[in-house]
Amino acid sequence: MLNVALPKGRLGEKVYQMFARAGFECPSILEENRKLIFENEERQVRYFWVKPSDVSIYVERGAADIGVAGKDILLEYEPDVYELLDLGVGKCRMAVAAPNEFRDPTHRTLRVATKFVNIARNYYTSKGRDIDIIKLNGSIEIAPILGLSDVIVDIVETGTTLKENDLAVFETILPISARLIANKASFKFKNEPISRICESLRAETEGTR
Ligand code: PRP
């Protein structure tokens, strides 16, 4: 049985359709209910829905053999897993955003509010910019409005959240997309189904690019 951790939500549903087209369907997953685990004995596959930021924890510890996680999560938490494939979905970018009139106050430490402490630190270290990180867990956009920080480092998809809070992208840090990841031991001992699914998904993503 191949255990697959999928990110709960719209991205996960899209990704499940990709897995189904690759031959790992599990029709019961489409039923309207609040169950979190679904399996298809015949296809030897078991799916479970987890919080997107938790997928890599399940995979790293082997509770899931494979999973789908955003590149943002992989860069932030650096889980000890194999990154097998860029699925080309869930595309967005990690960016520095600030009020429209923002100018970098280069004479002093920059205050940066973010959920992505590691990504923000690495980015500013590479630029040699001195920063003070303020770790928040959500609603990051509020921080510069209330004077808690100068800028934020966050995910931007459509840009609507920034716009509606009178913020704008100041710098793009990197593009983000969903990745297929595998537990290292599973990759060795369940290599056949994992490689099969990876190659089917690769063919599918290349066809849509
Ligand atoms: C992310 C991010 C922004 C929003 C950007 O939040 O933190 O708030 O999406 O999307 P947009 O550019 O399309 O407006 P997410 O919905 O992932 O949830 P979160 O509040 O847990 O960060």
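The text that follows walks through the structure, step by step, so that each part is easy to find. Bear in mind the structure is a predicted one, so any value in this text is a computation, not a measurement.

**Re the sheet that holds strand S1 (residues 2–7)**
And step 1. Strand order in this open sheet of six strands is S2-S3-S1-S4-S11-S5, and the pairing throughout is mixed. The open sheet terminates on both sides in strands that have one partner only, identified here as strand S2 (37–40) and strand S5 (82–86). With strand direction ignored, the average angle separating the axes of adjacent strands in the sheet is 25°.
And step 2. Of the strand pairs in this sheet, S2 and strand S3 (residues 45–50) are connected by four bridges, and their pairing is antiparallel. Each residue of the ladder has a partner; that of Ile37, found in S3, is Phe48.
And step 3. The strands touched by helix H1 (residues 10–21) within the sheet are S1, S3, strand S4 (66–70) and strand S11 (178–182), with S1 carrying the most contacts at an inclination of about 145°.

**As for the site of the ligand**
And step 1. Close contacts around the ligand come from Lys115, Glu141, Asp154, Ile155, Val156, Glu157, Thr158, Gly159, Thr160 and Thr161, and that covers them all.
And step 2. Within the side chain of Lys115, one N or O atom sits 2.5 Å away from an oxygen atom of the ligand.
And step 3. Protein burial of the ligand: of its 500 Å² of free accessible surface, 59% is covered by the chains.
And step 4. When atoms are counted within 2 Å of each cavity's grid points, the one that captures over half of the ligand is the largest pocket.
And step 5. Breaking the shell around the ligand down by element, the ones donating at least two residues are strand S9 (151–156) and helix H6 (160–164).
And step 6. Counting residues per element, the shell around the ligand draws most heavily on S9, which supplies three residues.
And step 7. Looking at the shell around the ligand residue by residue, the class counts come to two nonpolar, four polar and four charged.

**Side note on the nonpolar core**
And step 1. Grouped together as the largest cluster of nonpolar side chains are 29 residues, with contacts concentrated most on Leu6, Phe19, Tyr47, Ile66, Leu180 and Leu201.
And step 2. Where this core is concerned, the elements lending two or more residues are S1, H1, S3, S4, S5, S11 and helix H8 (191–208).
And step 3. For this core, the element with the most residues is H1, which contributes five residues.
And step 4. Residues within four places of Leu201 in sequence aside, it is in contact with Met18, Phe19, Ala22, Leu85, Leu87 and Leu180.
And step 5. With 17 residues, the next largest nonpolar core counts Val112, Ile119, Val151 and Ile173 among its residues.

**Some details on the layout of surface pockets**
And step 1. Of the volumes computed, that of the largest pocket is approximately 1000 Å³.
And step 2. Along its surface, the largest pocket is lined by 41 residues, and Pro52, Asp72, Cys92, Ile155 and Glu157 are the ones closest to its centre.
And step 3. Breaking the lining of the largest pocket down by element, the ones donating at least two residues are H1, S4, helix H3 (71–77), S9 and H6.
And step 4. Residue composition of the lining of the largest pocket, by class: 17 nonpolar, 13 polar and eleven charged.

**Regarding the packing of aromatic side chains**
And step 1. Tallied over the entire structure, the rule returns six aromatic pairs.
And step 2. With 5.3 Å between their ring centres and 85° between their planes, Tyr16 and Tyr47 make a pair best called edge-to-face. Note that Tyr16 is positioned in helix H1 and Tyr47 in strand S3, a separation of 31 residues in sequence. For the pair formed by Tyr16 and Tyr47, the shared burial category is buried.
And step 3. Aromatic side chains Phe19 and Tyr47 sit 6.1 Å apart centroid to centroid with 85° between the ring planes, which places their arrangement in the edge-to-face category. Remark: Tyr47 occurs in strand S3 and Phe19 occurs in helix H1; sequence separation between them is 28 residues. Tyr47 carries the same exposure label as Phe19, and that label is buried.
And step 4. By way of ring pairs, the aromatic residues Tyr16, Phe19 and Tyr47 are connected into one cluster.

Each value, and the rule that gives it
- Residues numbered from 1 in each chain as written.
- Predicted model: local features only at pLDDT ≥ 70, side-chain atom pairs only at ≥ 80, totals over all residues.
- Heavy atoms only, no water.
- Pairing = 2+ DSSP bridges.
- Helix = DSSP H or I, 4+ residues; strand = E, 2+ residues; numbered from the N terminus.
- Axes fitted to C-alpha atoms, helices over the stretch in contact; angles between N-to-C directions.
- Contact = heavy atoms within 4.5 Å.
- Near = heavy atom within 4 Å.
- Polar contact = N/O pair within 3.5 Å; in protein donor to acceptor, adjacent residues only side chain to side chain.
- Areas by Shrake-Rupley, 256 points an atom, 1.4 Å probe, with all protein chains shown as cover.
- 1 Å grid on protein atoms, 1.4 Å probe; cavity = no way out; pocket = protein on both sides within 12 Å on 5 of 7 lines; lining within 4 Å.
- Sits in = over half its atoms within 2 Å of the grid points.
- Nonpolar A, V, L, I, M, F, W, Y, C, P; charged D, E, K, R; others polar.
- Core = buried A, V, L, I, M, F, W, Y, C linked by side-chain atoms within 4.5 Å.
- Buried < 20%, exposed > 50% of the residue type's maximum accessible area, 1.4 Å probe, protein only.
- Points joined across faces, edges and corners; volume = space filled by probe spheres on them.
- Phe/Tyr/Trp six-rings, centres within 6.5 Å; stacked < 30°, edge-to-face > 60°.

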